[in-house]
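Okay, here's what each chain looks like letter by letter:
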Protein chains: 4
Amino acid sequence: MTYEVKSLNEECGIFGIWGHPQAAQVTYFGLHSLQHRGQEGAGILSNDNGKLLRHRDTGLVSEVFHKPSDLEKLTGQAAIGHVRYATAGEASIDNIQPFHFKFSDTQFGLAHNGNLTNTESLKKALESQGAIFSSSSDTEILAHLIRRSHHPEFMGRVKEALNTVKGGFAYLLMLEDKIIAALDPNGFRPLSVGKMKNGAWVISSETCAFEVIGAEWVRDVKPGEIVVIDDNGIHYDSYTTDTQLAICSMEYIYFARPDSVISGVNVHTARKNTGRRLAQEFKHEADIVVGVPNSSLSAASGFSEESGLPNEMGLIKNQYTQRTFIQPTQELREQGVRMKLSAVSSIVKGKRVVMVDDSIVRGTTSRRIVQLLREAGASEVHVAIASPPLKYPCFYGIDIQTRRELIAANHSVDEICEIIGADSLTYLSLDGLIESVGLETDAPNGGLCVAYFDGNYPTPLYDYEERYLQSLEEKTSFY
Amino acid sequence: MTYEVKSLNEECGIFGIWGHPQAAQVTYFGLHSLQHRGQEGAGILSNDNGKLLRHRDTGLVSEVFHKPSDLEKLTGQAAIGHVRYATAGEASIDNIQPFHFKFSDTQFGLAHNGNLTNTESLKKALESQGAIFSSSSDTEILAHLIRRSHHPEFMGRVKEALNTVKGGFAYLLMLEDKIIAALDPNGFRPLSVGKMKNGAWVISSETCAFEVIGAEWVRDVKPGEIVVIDDNGIHYDSYTTDTQLAICSMEYIYFARPDSVISGVNVHTARKNTGRRLAQEFKHEADIVVGVPNSSLSAASGFSEESGLPNEMGLIKNQYTQRTFIQPTQELREQGVRMKLSAVSSIVKGKRVVMVDDSIVRGTTSRRIVQLLREAGASEVHVAIASPPLKYPCFYGIDIQTRRELIAANHSVDEICEIIGADSLTYLSLDGLIESVGLETDAPNGGLCVAYFDGNYPTPLYDYEERYLQSLEEKTSFY
Amino acid sequence: MTYEVKSLNEECGIFGIWGHPQAAQVTYFGLHSLQHRGQEGAGILSNDNGKLLRHRDTGLVSEVFHKPSDLEKLTGQAAIGHVRYATAGEASIDNIQPFHFKFSDTQFGLAHNGNLTNTESLKKALESQGAIFSSSSDTEILAHLIRRSHHPEFMGRVKEALNTVKGGFAYLLMLEDKIIAALDPNGFRPLSVGKMKNGAWVISSETCAFEVIGAEWVRDVKPGEIVVIDDNGIHYDSYTTDTQLAICSMEYIYFARPDSVISGVNVHTARKNTGRRLAQEFKHEADIVVGVPNSSLSAASGFSEESGLPNEMGLIKNQYTQRTFIQPTQELREQGVRMKLSAVSSIVKGKRVVMVDDSIVRGTTSRRIVQLLREAGASEVHVAIASPPLKYPCFYGIDIQTRRELIAANHSVDEICEIIGADSLTYLSLDGLIESVGLETDAPNGGLCVAYFDGNYPTPLYDYEERYLQSLEEKTSFY
Amino acid sequence: MTYEVKSLNEECGIFGIWGHPQAAQVTYFGLHSLQHRGQEGAGILSNDNGKLLRHRDTGLVSEVFHKPSDLEKLTGQAAIGHVRYATAGEASIDNIQPFHFKFSDTQFGLAHNGNLTNTESLKKALESQGAIFSSSSDTEILAHLIRRSHHPEFMGRVKEALNTVKGGFAYLLMLEDKIIAALDPNGFRPLSVGKMKNGAWVISSETCAFEVIGAEWVRDVKPGEIVVIDDNGIHYDSYTTDTQLAICSMEYIYFARPDSVISGVNVHTARKNTGRRLAQEFKHEADIVVGVPNSSLSAASGFSEESGLPNEMGLIKNQYTQRTFIQPTQELREQGVRMKLSAVSSIVKGKRVVMVDDSIVRGTTSRRIVQLLREAGASEVHVAIASPPLKYPCFYGIDIQTRRELIAANHSVDEICEIIGADSLTYLSLDGLIESVGLETDAPNGGLCVAYFDGNYPTPLYDYEERYLQSLEEKTSFY
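Values in this document were obtained by computation on a predicted structure and should not be read as measured data.

Procedures and definitions
Counting restarts for each chain, with residues numbered from 1 along the sequence as it is written. Starting at A for chains and at 1 for ligands, labels are handed out in the order in which the entities are written. Under the rules for a predicted model, residues below a pLDDT of 70 receive no local features and side-chain atom pairs below 80 are neither given nor counted, while totals for whole chains, interfaces and linings still include all residues. Calculation of side-chain values draws on the structure's entire complement of heavy atoms; hydrogens and water are dropped beforehand. Each helix corresponds to a stretch of at least 4 residues labelled H or I by DSSP, and each strand to a stretch of at least 2 residues labelled E; elements are numbered beginning at the N terminus. The globule rule is 2.2 Å times the number of residues to the power 0.38, and the radius of gyration it is compared with is taken over C-alpha atoms. Exposure classes here rest on a 1.4 Å probe applied to the protein chains alone. A residue is buried below 20% of its type maximum, exposed above 50%, and partly exposed in between. UniProt positions are given in the numbering used here, feature names are shortened, and annotations may be inferred rather than shown by experiment. The contact criterion used is simple: two residues touch if any of their non-hydrogen atoms lie within 4.5 Å. The fit set for superposing copies consists of C-alpha atoms from residues with pLDDT of at least 70 in both; the fit itself is least squares. The criterion for an aromatic pair is that two Phe, Tyr or Trp rings (for Trp, the six-membered ring) have centres within 6.5 Å, with stacked assigned to planes under 30 degrees apart, edge-to-face to planes over 60 apart and tilted to the rest. For a lysine, the NZ atom is tested; for an arginine, the CZ atom; a charge sits over a ring if that atom is within 6 Å of the ring centre and within 35 degrees of the ring normal. Buried area counts how much accessible surface, traced with a 1.4 Å probe, disappears from two parts once they are put together, with both parts' losses summed. Take a side-chain nitrogen of Lys or Arg and a carboxyl oxygen of Asp or Glu: if they are within 4 Å of each other, that pair is a salt bridge. Here a polar contact is recorded for every N or O atom pair within 3.5 Å, except that within protein the pair must consist of a potential hydrogen donor and a potential acceptor, and residues adjacent in sequence are included only if both atoms are side-chain atoms. Under this scheme, a helix contributes an axis fitted over its contacting stretch, all axes are lines through C-alpha atoms, and angles between N-to-C directions fall in the 0 to 180 degree range. Here the word oblique covers every angle except those under 35 degrees (roughly parallel), over 145 (roughly antiparallel) and from 65 to 115 (roughly perpendicular). Handedness of a crossing follows from how the near helix is turned relative to the far one, being left-handed for an anticlockwise turn of less than a right angle and right-handed for a clockwise one. Two strands pair if DSSP finds at least two bridges between them. Those domain boundaries reflect an automatic or database domain assignment.

Moving on, we come to the overall build of chain A. When helices and strands are tallied, chain A shows 17 helices and 23 strands. Taken against the 2.2 N^0.38 rule, which gives 23 Å for 479 residues, the C-alpha radius of gyration of chain A at 23 Å falls within 12% of a compact globule. Reported as C-alpha extents along the three principal axes, the dimensions of chain A are approximately 70 × 45 × 45 Å. By the burial criterion, 66% of the 479 residues in chain A qualify as buried.

Put into structure tokens, the structure is as follows:
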């Protein structure tokens, strides 16, 4: 076991570009900046005058494209790319995107970030008509829906398909002559449009990719919108008017890179605000603030500024830790061998520490960090969490689909405090979160999806309804 | 080209353990925590009841030991390990340590951190007596000196050899029945002794390894000291009394991990103090403080606390950047594609930024970061460096052996400011540095070696004397 | 360029087993013995109580399964496997078999050796009904046909599908509870049934796999036959009665391993017979016989015994030659650097050599070997080919689909003799070939498909008809 | 366990070239043709105007040089190379040759084929003078002797060193301005000189390398000779006149490639002659001859021609078998899974087989092949060995250093026949061997070393004397 700092996982990041002589290379760098959204696999599909070329594999972007030829063979002026996170046991190359569908008359590529809620019923219906699925991902469904639609025009078939799938989705579709992007009616997942100096249009899950490739942000894709990019430029359309913004609040809290801007709000700033607000809601005496690296450093800095307590580097993350590491044996672990995170005794010894973290999932990691700080000599450890208790599963693209994994689903704050061994435990209030992010919108919950905190899902749950109801009965099953 | 944050390089880290059933595994984790001291190669040599076993290769610790069997074959209750940094072109496995010397009658292993100043003359003298060197490293010399000594006892031969080599060195010698550690008479390189819960003695270049493996710090090895660890415990001796502490100040400024404690001073705290002092010496108006990640975050935090300016995450380092990355073409670089570091426009736009960095070597990196910040919209960029100007080469273990690589060797602060395109440039004063570290000693320069700043070397330069004098004539040869 | 001994390529080998606790391991060894039938990729799909598990990749069997865990994870008592040869540019993992089709209600695996002749028209028809193909291979078609059939029973659907596909095929279908094997109505490709000592049934493209795994040959699968193996044993059925044996004669001439038995005739013996007959038809004086290693050694041995000329090792093939070899530059090639094959001057010097080879495709290889023998001092080189001139493409599973690649399509024997620089050139007669193989059957051409020699195809050519007619106009396009 | 066809191992092959613009590439192809002499490691050291460059690693030549850059970096007009076989457990890169010795004033490279008999005493003497050895190979000794010699001229030092080492050796020494080659006073190991079309001189353990690179054989290096190649051409000298030819007979029997010529005799021809003679000495009735592939095919062909029995392919070696193969479990082995060799039942069934092999070492392989043939239906198996019984160890470069490994050391021919389960066992007579090779010389034993057969060593055994005497007492320790 290692000090895996979080067991929450985003499902994927997508990137597309039209109009650049080195489209695949730019996509490579774009995906590299989206690597935090998925480390299980990556792929790029380029378009060389209507010919689609693809390279994909399991591993990090740098592993998938480890020879220059891996990129060089992807010629053409347009490309889409994907980084994938996947649940254990499904690390098959078959599921790595973009998918590439070839037909006798045409072909297209497809990349997807999100999770559909009516996968199962759609799949059964399609199979009963003879459809064969080549992957276990839900992404393929859109392709089948498009191919089976009887609408006379291609865009009509795409819109029909988009109105058939339900849940959270950001799609990139590479046709022989254009890229089509589409966002679900609630805008659960972020998706932004940018422009490069040479005029190329780019589209990305996060704006951090724009900083990296020197592109300028143009605007975010709106819920229910469909965007077409081709040699004539960019064109915005919509496939539905029944929309309402409910962007995933975990993007601000944990997933997105701090330099990204989502719906006009910088992620680092939002986190810093949660830290400030958390400091206001915090009711204990302490000497120093210590953020859990790396995701909680912004919140810790806000907490420090608001509280006046010094912000210290009391926890160090080893930057060379990799997935391939040989793990310590049980015996060595008990003797204290830890690889990813260590507490700095010269800093925390004798101090009352506010340990700031962004969230608690299972509680096991928090318990270990509290223990690390105590072993390093902290006299008190007050845990301050920059988000409300995580109580409900997500069905729109985050990898929590059962309440069994969530300590707060079955335990009160006091119980959790005891379980993790802290002197106190403070969660940010839900209002505190919504106000800290502060989107300019009059949508419910300030335009955020906060269903993991309050159980109010912005859409029907379709195939997941039953699973959700069952999950309400489940007991947390760990520690 | 990439935004390599620093072109200074430490030459190696060492770790040793005696008395643990999984000695090689513990050494692996120890080396992992010393990885920042050398990424070119690594090796472990274990001692299984007098039988020495070794595995070494080029690459990171996790690459060198990528199969469990790589470690499992290194049986025994004692081990020494090494991480190596090397100058370009010498990335041969022949130079990866620990070395393993086998004789008809005995054998020993040897690991070394530092640089000798009389290598060349010793090598010539030994060769004229028929010696053959199997590597291009200076480490082997000690082995030849020991084998050729006519002192009747082994420890006498080791002491004779230690008095013959000059310069900076921390050695670990694995004999069939003991580990011997030795430090040079100035203690240029750090070396500390710790103890594990099971009673095993450990010795490490930095104390951060102790936190990782759950060992407790016992004491630092002193200049001129020789330490023997065997089944009877630990024994401290010395091979010379002509000693004077002059620990490398760059360890505090840049090399060491922030959680390490050297000569009683925590590295993060020392850096934070340099940031505070730098804020006092800084004479400009500004809105926010931005540290260059990761090495300057401590100094930036100190600067922020002292100045009252908010400490913001205006520069983001991509944590997935690896050596194996495909680099952007010249064309893409010009369009703004950058992989390692990006500036956050939503944070720096319109702001007067204090960019805090630990040091300037060539100036090329600083110039690029200033440019990044300006492109991201910073209205002013004031560069504040948490150390004095680097003007002179080092001969004790840091990879700067010519003044040509040092912009401050030939340029005034004003010239450098102009070259890097900053609105102002402030270096920390030498007194400021010495007082910020604040060692408890009455040695000159507060027990620090500051020769790179003032050219006053604590020892004769031997074989390097001539090279040094030549270098005083050299002109900086870049940008 | 290297001395690639042949540019003819078989398309694949298949192996299946039911009823063995280590089914995947046995399949691994079976595939290893079929490696000569395809080196581009390999895969195994096992059946663990109805759960299908798969591992596949590009490369040799030993490369695809390079970790013990690659095999160990394929648990279960049944398995099917595949080795694949593929045309250039299609070395994608998507095309590596067995395929694994997953449905909401069931799943199956599929492996295929052969080539369909109505792929294109079937694919178009299926796509117009909304089908999506995930590979560019023709194998998938069978799966779509089965899934779309409206026959009430599964076996009925399979038979309907088998009657719809045309051309050469040997299929292995792994269902949750059985293996189904099927052979095309002409039996173009070999397929045999065997039994292991523990009672497990095995099925293989060639009987050499039986020798390797210690299985006993039971009988060959007959044209138009369908074989079902499950926990109740083996059951033979047929999907058509319109059958006629026309087994690929190139299996005897070149593809199959010499220790395999096809339709009751051992391949080595058949080749030796062609050598004997060739010696009878050969009309020149000579001193020694030299076979081109390795495929022509049997024929050379027969030629030697019949002619009384000594059989000498005048050509040596380097057994360490691998696909990964760095190739000699043009300059080095001209100086004589050759890696795969060398002529032995001490054997051939001053001798009149009969160089026995199994076939001539493009003529480039023959020309080089003749030149090698001359450079090594042969006074005369008489080329004797143990098969008739290759003039027509194959559409049933051999990788010659155009006459442009065949030197004999456009050149007389005399012209070829001149082109390859031989003193004489003798091809085996068609009757000689048929009589040498000597199958016990009253089917036309002694039960062999000899269309590459005489252009009389045993079936309609369907989608290839037009391509074939065009190819009659084509000129050989090389040397 | 697999059917490893032989457990005898040659110790190394060497190749050198002077005067070719692509010297390293030519050496690569030369080493490739010498690959059969050692598969454990390989290396090339090139000379670019006095600058020596090296690449070496464990593995086959194609694995060691797997990137074009591995060769391209070895610039220069001269090179030496080495392929290495090593005993288990010593597969360390430290022992891979050529060695590269660097001194302050000069440098040289060294490659060695053979085994010294006074290694131990020389090593002790040198160490007592302070020498440190960097490998466990005996090759390094020559370098130490040269460096410690007080002879005023370099060639004098080399000659002095060559007169100090004893045993079997062929050396290649790359100096900054020349190559020096030397052969031991008995010429135990083969070494030949050739010339390329462009005038470059080449030197190789076997002449097969000349065929491959298009060089012409010039002459063999003679016992006690020293050859100097530089820009002025080639020069032959000698370091001793006390010489007597005793070339290793196992080179003819098993090691060398059949296309090589040693001392004027082609290896294939010599083997064929042993087969003919063996047929004369063979006293049993039989139906067919089957050679054990690949090394015994020449002998089998001679046996067949002399006896009139047909030479059949009754044993097939899988050409795709590689070191990296996953091995069958014990359980599968018992069921008959074998990977390297299989018997062809359709050929051997009901036949009285003469199984021709080149030698018997332990007997385990022979026993297995006999069993394979019986399982495949052979009615009788008569084993005919094309060399006399192996009874004594070799100290000059073959990896048999104890009689424990040799079944014939302790068992009569009748006992061996029973152990291996044959119907009869016939060994070639010693006279038969000597006459079959038929060197033109009046040296004892026809110029061959036949000590493994009769125990008469052509030189004193020095450090091995005691080990040899002990070994006379040893019992064979297997089956």
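Residue and element names in this part refer to chain A. Summarizing the sequence annotation, UniProt attributes the feature "active site" (unreviewed entry) to Cys-12 in the numbering used throughout. Mapped onto the secondary structure, Cys-12 falls in the segment before β1 (13-18). By relative accessible area, Cys-12 is classed as buried at 5%. When neighbours within four sequence positions are excluded, Cys-12 is seen to be in contact with Arg-37, His-82, Val-83, Arg-84, Tyr-85, His-112 and Asn-113.

What follows deals with the relation of the copies chain A and chain B. Of the transformation placing chain A onto chain B, the axial shift is 0.1 Å and the rotation is 180°, giving an RMSD of 0.1 Å. Expressed as a symmetry operation, the mapping of one chain copy onto the other fits a two-fold axis. Identified as the residue of chain A closest to the rotation axis by C-alpha distance is Gln-319 of chain A, at 3.8 Å. Both copies share a contact surface, since 100% of the interface residues of chain A are interface residues in chain B too.

What follows concerns the packing of aromatic side chains. Scanning all chains against the criterion turns up 60 aromatic pairs over all chains. Note on Phe-99 of chain C and Phe-101 of chain C: the rings are 6.1 Å apart at their centroids and 50° apart in plane angle, and the pair reads as tilted. An aromatic cluster is present here, built from Phe-188, Phe-395, Tyr-396, Tyr-457, Tyr-464 and Tyr-468 of chain A joined pairwise through their rings. Stacked on the ring of Phe-133 of chain B, the Lys or Arg Lys-123 of chain B has its end atom at 5.1 Å from the ring centre.

Turning to the interface of chain A and chain B, a few remarks are in order. Contacts between the two partners involve 69 residues from chain A and, on the opposite side, 70 residues from chain B. In total, chain A and chain B occlude about 5,400 Å² of area from one another, counting both sides; carbon and sulfur atoms represent 55% of this. It is His-32, Tyr-320 and Ile-326 of chain A in chain A that bury the most area against chain B; as a group they hold 13% of the surface buried on that side. On the surface where chain A and chain B come into contact, there are 2 salt bridges. For the salt bridge of Glu-312 of chain B with Lys-272 of chain A, the shortest nitrogen-to-oxygen distance reads 2.3 Å. Joining chain A to chain B, the criterion identifies 20 residue pairs in polar contact (both at pLDDT 80 or more). Among the elements that line the side of chain A that touches chain B, the one with the most residues is helix α1 (residues 23-33) of chain A, at 6 residues.

Attention shifts here to helix α10 (residues 297-307) of chain D. Residue and element names in this part refer to chain D. If you check which residues of α10 are buried, you get Ser-298, Ala-299, Ala-300, Ser-301, Gly-302, Phe-303 and Ser-304. Next to the buried residues of α10 lie α9 (267-281), β17 (288-291), β20 (352-357) and β21 (380-385). Looking one or two residues beyond α10, the residue adopting positive phi is Gly-308, at roughly 80°.

Bringing the interface of chain C and chain A into the picture now. By a widely used convention, the size of an interface equals the accessible area lost when the partners come together. On the chain A side, the residues contacting the 22 residues of chain C number 22 residues. Carbon and sulfur atoms make up 48% of the area that chain C and chain A hide from each other, which totals about 1,800 Å². For the pair chain C and chain A, the number of links is 1 salt bridge. Of the charged contacts, one joins Arg-147 of chain C and Glu-127 of chain A as a salt bridge, the two residues approaching to 4.0 Å between their closest N and O atoms.

By the secondary structure assignment, Ser-345 of chain C is in helix α12 (residues 345-348). On the basis of relative accessible area, Ser-345 of chain C is assigned to the buried category, the value being 17%. A polar contact is formed between the side chain of Ser-345 of chain C and the side chain of Glu-211 of chain D, at a distance of 2.6 Å.

On to the arrangement of the chains, then. Kept free of each other, chain B and chain C leave a smallest C-alpha distance of 12 Å between them. A gap remains between chain A and chain D, which never touch, and the nearest two C-alpha atoms on either side lie 12 Å apart.

All names here are of chain D. For Ser-249, the location among the structural elements is in helix α8 (residues 249-255). Since its relative accessible area comes to 0%, Ser-249 is described here as buried. Each residue touching Ser-249, except ones within four places of it in the same chain, is listed here: Leu-433, Leu-448, Cys-449, Val-450, Tyr-452 and Phe-453.

This part is about the packing of helix α4 (residues 119-128) of chain B against helix α5 (residues 140-148) of chain B. Residue and element names in this part refer to chain B. The contact between α4 and α5 brings their axes to 11 Å, and the two run at 45°. As the angle between them shows, α4 and α5 are arranged oblique. Note that α4 runs across α5; the crossing there is left-handed. Contacts between α4 and α5 involve Thr-119, Leu-122 and Leu-126 from the first element and Ile-141, His-144, Leu-145 and Arg-148 from the second.

Residues and elements named next belong to chain D. Reading across the sheet, the 6 strands line up as β5-β6-β7-β8-β12-β13 and stay open at both edges, with antiparallel pairing between neighbours. Each edge of the sheet is formed by a strand with only one pairing partner; in this case those strands are β5 (99-102) and β13 (233-238). For this sheet, the mean angle separating the axes of adjacent strands, direction not counted, is 20°. Across 4 bridges, strand β8 (residues 179-183) lies against strand β12 (residues 225-230) in antiparallel orientation. Bridging across to β12, Ile-179 finds its partner in Ile-229. In the packing of helix α5 (residues 140-148) onto the sheet, contacts are made with β5, β6 (107-116) and β7 (167-174), and the angle to β6 comes to roughly 125°. Sheet strands touched by helix α6 (residues 154-164): β7, β8, β12 and β13. Its angle to β12, the strand with the most contacts, is close to 145°.

The subject of this paragraph is the sheet that holds strand β22 (residues 424-427) of chain C. Residues and elements named next belong to chain C. The 4 strands are arranged β17-β20-β21-β22 in an open sheet whose pairing can be described as parallel. Only two strands of the sheet have a single neighbouring strand rather than two, namely β17 (288-291) and β22. Sheet twist, expressed as the average angle between the axes of neighbouring strands with direction ignored, equals 25°. Where strand β20 (residues 352-357) and strand β21 (residues 380-385) come together, 6 bridges link them in parallel fashion. From the neighbouring strand, Asp-357 faces β21, where its bridge partner is Ile-385.

Moving on to the relation of the copies chain C and chain A. With an RMSD of 0.0 Å, the operation that places chain C on chain A is a rotation of 180° combined with a shift of 0.1 Å along the axis. By residue overlap, the copies meet face to face through one surface: 100% of the interface positions of chain C are interface positions in chain A.

Residue and element names in this part refer to chain A. Its domain assignment divides chain A into domain 1 (12-243) and domain 2 (266-438). Just the C-alpha atoms count here: the centres of domain 1 and domain 2 sit 34 Å apart. Counting residues at the interface gives 13 residues for domain 1, matched by 7 residues for domain 2. Across the domain 1/domain 2 interface, buried area totals approximately 740 Å², and carbon plus sulfur atoms make up 50% of it. When the area that domain 1 buries against domain 2 is broken down by residue, the three leading residues are Asn-115, Phe-188 and Arg-189, summing to 48%. At the boundary of domain 1 with domain 2, the tally comes to 0 salt bridges. At the junction of domain 1 with domain 2, the criterion picks out 2 residue pairs in polar contact (both at pLDDT 80 or more). Residue assignment for the side of domain 1 that touches domain 2 shows that the elements contributing at least two residues are β6 (107-116) and β7 (167-174).

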